[in-house]
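Structural description and commentary
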Amino acid sequence: MVNPTTRERASVQELIAKAGNNKRKKVIEKIIPIILFLIAGVSVLTTIGIVATLIFETVTFFRQVSLLSFIFGTEWLPFSNKEPKFGILPLIVGTLKITLIAVVVAVPIGLAAAIYLSEYASDNARRVIKPVLEVLAGVPTIVYGFFALTFVTPVLQTIIPDLKIFNALSPGIVVGFMIIPMIASLSEDAMSAVPNAMREGALAMGATKFEVAMKVVLPAALSGILASVVLATSRAIGETMIVSLAGGSTPRFDADFTGSIQTMTAYIVQVSTGDAGYGTPIYYSIYAVGFTLFLFTLLMNFLASRITKRFREAY
Amino acid sequence: MVQLMNRTDNETKATVSPMEAPVREAAKPVVYDTKQLNLWYGSHHALKNIDLPIRENEVTAIIGPSGCGKSTYIKTLNRMVELVDGVRTSGEILYRGRNIFDAKYSVEELRTRVGMVFQKPNPFPKSIYDNIAYGPRIHGIKNKKILDEIVEQSLRGAAIWDEVKDRLNTNAYSLSGGQQQRICIARALAIEPDVILMDEPTSALDPISTLKVEELVQELKENYSIIIVTHNMQQAARISDKTAFFLNGEVIEFDDTDKIFQNPADQRTEDYISGRFG
Amino acid sequence: MRITEQQPGVSKRYIDQTSVSKRMDGRKITNTVFKTLFFMATLVALLVLGILFYRILSQGLGFLSADFFQNFASRFPEKAGIKAALVGSLWLMAVVAPVSMFLGIGTAIYLEEYAKKNRVNDFIRMNISNLAGVPSVVFGLLGLTIFVRALALGNSILAAGFTMSLLILPVIIVAAQEAIRAVPQHVREASYGMGATKWQTITRVVLPSAIPGILTGSILALSRAIGETAPLIVIGVPVIIHFLPTGVMDTFTALPMQIYDWAKRPQADFQQVASAGIIVLMAFLLLMNSIAVLIRNKFQKRY
């Protein structure tokens, strides 16, 4: 039994009173939240830094190049000695080609994988497949780029003899594979969130698993699936190394998928690896392109968050 | 520390009505005096005009049906209730004569004097030793010898020393639920508090562990004032000296436990203890 | 059960069980066909990974030698080595790991433990999720303008490290938030109940419990920083470097930069050198991932 009176040392409360570090504690409790708030502010500063940088340098660019010819111009010839042209449409078209192919490849495969994982796979299969998908997502894009250039393009050339070494098809397909894990895992999350009671209700009426997946689970998880596709599209738009290595550097305003193209990201890389002097229109053009790219991805991210909010299922 | 010990607890079996709260000569000193306490969660009025004098070295049980505010009340006594957003209070709670809502009274200081044992055993994911030494350490006691002494004494106080003395360095989560709860009691004892608040301490335990905790409470009241929330009326009858019956955020009746259970003054109290509702 | 004719006195049946049974076979076949299709699609993704690994290993293993690790970059494929890039990547991590973890964990603690629900904090949260969607090449532009030029850090390890830290910051914040959120509330209550202050509760109870999760998430985020190329290109990290950096203000090169340079070269031999470089990079990533998994398994929650 505790018996404070028959003890030789002072009581714990006395020891606590003697230790008396209350003042220090109070100061710490006041300062820490402020410090942590400032640290949290770094992420906000980063966004401000990105937006400010892009806007500031882009404005400088538009002092030298007209805004209208940038937005509506169909020729991107920044390195021309006679008459440089800065019409962004060819770069946007290049980006859209890659994105289109990537989405066409990734959506069916990613969704099929998600349905398989959430509706059919045994726990053991899931334990094997999910980490492999994670590895697929963790492969650096430079590795994918190398793979596109040295393997996928030669293989495609045996099927399509006209295919150039640099083209839209090969990097598009590889970007598609890169975003499969994203679609698969986010969609699977959305499908797994559909309560089992809904599945059981349909199964109890004699529906097959396929019918349950198509008529019950997919509609219920639709917003999550859509959001995953939009986010993956955003990734494809911003992907840089795969298209830099395998897409080429020919900005073109056409619908050809077999020849060399250039995306917005690849142009920024091209200028960065070259020696465009600081202060030239070419130097500032990477900011204008970067800003356009930023707007595209921002729009997609905004769209994704709207979809998840608007269609949030209330089970 | 509480200096008033070795009194027989039968000394003060006089009726004390909550409204008068008279300090009779024979009565033990009041530790916690609640005066016209009101509490709101947002717009929900959870405690209404509570008056409750709680005395030294007694076990005060708080009973009532679910949602009657008994848990809210005990969490108000050490201001844990404020961890929930949107809590407002009015009125006062005097702890040893000081209003605990006073801006100058730090919650840490209050909680150093008032220990708490929770509904679900909640040891830290640390060794048994570190669990017990946690309180003294955060309050600046670093001397290893003194800590060793405090740990042993607290574990003995919680009647679990013999069960764990050979494995003080194992994780507290390796113990059974009942043992974990007694570790939590020992952890509260380690800073030698004045009052121990117990929020349904046996609701997650099996009957044998419950019995052990109840016996422990009986021993502890020699040195501590104990306030225990329980939904188990037999438990209240077995271990408490005083009982307060809460209903819909109000104190319906507060009196000697014997009186409450044998001859309640209010019809609602009688209905509740005879099992007509709740 | 087959019910073909109506019983007298029984109300009319709307479901003709015969036709249901007939259609059942078809539906079952559809189910099986699609199950197989879904499985094959999943296999395709795994197959691609297999081919990728096989290609790179078969091309690159021959070039992996002791010399490869001891040589600097070279015009001749047989003399090309990865020393400067490997050391440079390690230097880069030495900056990115502490900076990104300090900022990421600090932000997560703020958001989970201190931030009240108000507009400022909602904005911080929304901002972090948006930041996660910004392409890495745009972070390169930020680094180029702010760190390389405005703060005059040049294309140093520090400039690249800061840029990479900001790039992976959202990932670390989210991982740390999840780890902190996983610490049950009742453990915090126990600490407050003992008279502990908020900061004592965070440092002595919350963080020790959350640290395995935070570490796992951080290591995975760092492995992303190791493989990133685009921001390094934009801030002007060079490729041909014939010395090792001695401090954070030195110029350097990194594994993905080196691989990028080799991959671009037309000679077939350099493709094999690039493969060898990729093997080194992937081995590095594999090591980090294994450590992350080890930590995750060793400190499984015990609540």
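Residues numbered from 1 in each chain as written. Chains lettered and ligands numbered in written order. Predicted model: local features only at pLDDT ≥ 70, side-chain atom pairs only at ≥ 80, totals over all residues. Heavy atoms only, no water.

Worth spelling out the cut-off: UniProt positions are given in the numbering used here, feature names are shortened, and annotations may be inferred rather than shown by experiment.
Where an unreviewed UniProt entry is consulted, chain C appears under the name Phosphate transport system permease protein PstA, with the organism given as Bhargavaea cecembensis DSE10. UniProt lists a comment for chain C under the heading Sequence similarities (unreviewed entry), and it reads "Belongs to the binding-protein-dependent transport system permease family. CysTW subfamily." Looking at chain C in UniProt, the text filed under Subcellular location (unreviewed entry) is "Cell membrane".

For chain A, an unreviewed UniProt entry supplies the name Phosphate transport system permease protein and the organism Bhargavaea cecembensis DSE10. Quoted verbatim from the Function (unreviewed entry) field of the UniProt record, the comment on chain A reads "Part of the binding-protein-dependent transport system for phosphate; probably responsible for the translocation of the substrate across the membrane."

1. A short note on the sheet that holds strand S4 (residues 87-95) of chain B
All names here are of chain B. Note the following rule: By definition, two strands form a pair when at least two bridges between them are found by DSSP. Helix numbers and strand numbers start at the N terminus; a helix is a DSSP run of H or I with at least 4 residues, a strand a run of E with at least 2.
The strand order S2-S1-S4-S5 describes an open sheet built from four strands, whose pairing is antiparallel. Each end of this open sheet is capped by a strand with a single partner; those strands are strand S2 (44-55) and strand S5 (98-99). The pairing of S4 with S5 spans two bridges and is antiparallel. The residue bridging tyrosine 95 from the neighbouring strand is arginine 98, located in S5.

2. Focus: the pattern of salt bridges
All names here are of chain B. Going by this rule: A pair is scored as a salt bridge if a Lys or Arg side-chain nitrogen falls within 4 Å of a carboxyl oxygen belonging to Asp or Glu. Three exposure classes are used, based on accessible area relative to the maximum for each residue type with a 1.4 Å probe and protein chains only: buried under 20%, partly exposed in between, and exposed over 50%.
Across all of its chains, the model carries 29 salt bridges over all chains by this definition. Where arginine 182 meets glutamate 163, a salt bridge forms, and the shortest distance between an N and an O atom there is 2.9 Å. Note that arginine 182 is positioned in helix H6 (residues 177-189) and glutamate 163 in helix H5 (residues 161-164), a separation of 19 residues in sequence. The class for arginine 182 is buried, based on a relative accessible area of 5%.

3. Section: the interface of chain A and chain C
Reports of interface size often rely on the accessible area that becomes lost once the parts have come together. The condition that has to hold: Contact definition: two residues touch when any of their heavy atoms are within 4.5 Å. Two parts placed together each lose some accessible area under a 1.4 Å probe, and adding up what both lose gives the buried area. Between N or O atoms, a polar contact is any pair within 3.5 Å; within protein, one atom must be a potential hydrogen donor and the other a potential acceptor, and residues adjacent in sequence are included only when both atoms are from side chains. Gly falls in the polar group here, along with every residue not listed as nonpolar (Ala, Val, Leu, Ile, Met, Phe, Trp, Tyr, Cys, Pro) or charged (Asp, Glu, Lys, Arg).
Residue-level contacts link 71 residues of chain A with 72 residues of chain C. Between chain A and chain C lies a buried interface of about 6200 Å² when both sides are counted; carbon and sulfur atoms form 79% of it. Summed over the three residues of chain A that lose the most area to chain C, namely Leu36, Phe146 and Phe210 of chain A, the buried surface amounts to 10% of that side. The interface formed by chain A and chain C contains one salt bridge. A salt bridge links glutamate 211 of chain A to arginine 27 of chain C; the shortest N-O distance between them is 2.6 Å. On inspection of chain A and its partner chain C, the count reaches 12 residue pairs in polar contact (both at pLDDT 80 or more). A total of 19 residues in the side of chain A that touches chain C trace back to one element, the largest contributor, which is helix H2 (residues 22-64) of chain A. Among the residues forming the side of chain A that touches chain C, the class breakdown is 47 nonpolar, 19 polar and five charged.

4. A word on the nonpolar core
Convention followed: Remark: nonpolar core denotes a set of buried residues (Ala, Val, Leu, Ile, Met, Phe, Trp, Tyr, Cys) joined through side-chain atoms within 4.5 Å. Note: domain ranges come from an automatic or database domain assignment.
Among the nonpolar cores identified, the biggest contains 189 residues, and Ile50, Val143 and Tyr267 of chain A together with Leu232 of chain C are the most heavily contacted of them. For this core, the domains that each give at least three residues are domain 1 (12-64) and domain 2 (85-310) of chain A. In contact with isoleucine 50 of chain A, other than residues within four places in its own chain, are Phe294 of chain A together with Leu131, Val134, Val138, Phe139 and Leu142 of chain C. Residues Cys68, Ile93, Leu168 and Ile252 of chain B belong to the second largest nonpolar core, which totals 93 residues.

5. Things to note about the packing of aromatic side chains
Counted only if it meets this: The aromatic pairing rule takes the rings of Phe, Tyr and Trp, using the six-membered ring of Trp, and pairs them if the centres are within 6.5 Å, calling planes under 30 degrees apart stacked, those over 60 edge-to-face and the rest tilted. Comment: the charge-over-ring label is applied if NZ (Lys) or CZ (Arg) is within 6 Å of the ring centre and within 35 degrees of the ring normal.
Applying the stated criterion across every chain yields a total of 25 aromatic pairs over all chains. Between phenylalanine 61 of chain A and phenylalanine 86 of chain A, the ring centres sit 5.3 Å apart and the planes meet at 85°, which makes this aromatic pair edge-to-face. With phenylalanine 61 of chain A in helix H2 and phenylalanine 86 of chain A in strand S2 (residues 85-86), the pair connects residues that are 25 residues apart, well separated along the chain. The exposure class assigned to phenylalanine 61 of chain A is buried, which follows from its relative accessible area of 0%. Here the aromatic rings of tyrosine 283 of chain A and tyrosine 284 of chain A are separated by 5.3 Å at their centres, their planes lie at 75°, and the arrangement is edge-to-face. The class for tyrosine 283 of chain A is buried, based on a relative accessible area of 4%. The rings of Phe61, Phe62, Phe70, Trp76, Phe79, Phe86 and Tyr267 of chain A are connected pair by pair, giving a single aromatic cluster. In this structure, lysine 198 of chain C packs its charged tip against the face of tyrosine 114 of chain C, placed 4.9 Å from the ring centre. One residue, arginine 265 of chain C, lies across the ring of phenylalanine 270 of chain C, its end atom 4.9 Å from the ring centre.

6. Observations regarding the pairing of strand S1 (residues 30-41) of chain B
Residues and elements named next belong to chain B. The pairing of S1 with S2 spans eight bridges and is antiparallel. Residue aspartate 33 lies in a different strand from S2, and its bridge partner there is proline 53. A loop of two residues connects S1 with S2, the two strands running antiparallel in sequence, and glycine 42 in this loop sits at a positive phi of about 60°. In this sheet, S4 lies alongside S1 in antiparallel orientation, the contact comprising eight bridges. Along S4, the bridge assignment pairs aspartate 33 with leucine 94.

7. Examining the packing of helix H10 (residues 255-264) of chain C against helix H11 (residues 268-298) of chain C
The description of two packed helices rests on the angle between their axes and on the distance between the axes. All names here are of chain C. Convention followed: Think of each axis as a best-fit line through the C-alpha atoms, taken over the contacting stretch in the case of a helix, with angles from 0 to 180 degrees between the N-to-C directions. Here the word oblique covers every angle except those under 35 degrees (roughly parallel), over 145 (roughly antiparallel) and from 65 to 115 (roughly perpendicular). In a left-handed crossing the near helix is turned counterclockwise from the far helix by less than a right angle, and in a right-handed crossing that turn is clockwise.
Remark: H10 packs on H11, axes separated minimally by 8 Å, with the N-to-C direction vectors making an angle of 160°. It follows that H10 is roughly antiparallel to H11 by the angle criterion. Note that H10 runs across H11; the crossing there is left-handed. Contact residues: H10 offers Leu255, Ile259, Trp262 and Ala263, while H11 offers Phe270, Val273, Ala274, Gly277, Ile278, Val280, Leu281 and Phe284.

8. Structural notes on the domain arrangement of chain A
All names here are of chain A. You can read the domains of chain A as domain 1 (12-64) and domain 2 (85-310). For domain 1 and domain 2, the distance between their C-alpha centres works out to 36 Å. Contact residues are listed per partner, giving 10 residues for domain 1 and 12 residues for domain 2. For the pair domain 1 and domain 2, the summed buried area comes to about 960 Å², and 81% of that belongs to carbon and sulfur atoms. Contact with domain 2 buries surface across domain 1, with Leu54, Glu57 and Phe61 losing the most and accounting together for 54% of the total. At the junction of domain 1 with domain 2, the criterion picks out zero salt bridges. At the junction of domain 1 with domain 2, the criterion picks out one residue pair in polar contact (both at pLDDT 80 or more). Residue composition of the side of domain 1 that touches domain 2, grouped by class: five nonpolar, four polar and one charged.

9. Remarks on the UniProt feature "transmembrane region" (unreviewed entry) in chain C
UniProt's feature table lists "transmembrane region" (unreviewed entry) at residues 32-57, 90-111, 131-151, 157-176, 232-253 and 273-295 of chain C, given in the numbering used throughout. Helix and strand shares over residues 232-253 of chain C are 14% and 0% respectively, and the end C-alpha atoms of the span are 9 Å apart.

10. Let's talk about the UniProt feature "domain: ABC transmembrane type-1" (unreviewed entry) in chain A
Within this numbering scheme, the UniProt entry marks residues 92-304 of chain A as carrying the feature "domain: ABC transmembrane type-1" (unreviewed entry). The span residues 92-304 of chain A is 78% helical and 0% strand by assignment, and the distance between its end C-alpha atoms comes to 21 Å.

11. Let's talk about the UniProt feature "domain: ABC transmembrane type-1" (unreviewed entry) in chain C
The residues that UniProt annotates with the feature "domain: ABC transmembrane type-1" (unreviewed entry) are residues 86-292 of chain C. Strand forms 0% of residues 86-292 of chain C and helix 78%; the C-alpha atoms that close the span are 21 Å apart.

12. Focus on helix H4 (residues 144-157) of chain B
Residues and elements named next belong to chain B. Note the threshold: Helices are assigned an expected span. That span is 1.5 Å times one less than the residue count.
For H4, with 14 residues, the first-to-last C-alpha span of 20 Å sits near the 20 Å given by 1.5 Å per residue. Where H4 starts, the residue carrying a side-chain oxygen 2.8 Å from the main-chain nitrogen of lysine 145 turns out to be asparagine 143. Following H4 by one or two positions, alanine 159 has its phi on the positive side, about 55°.

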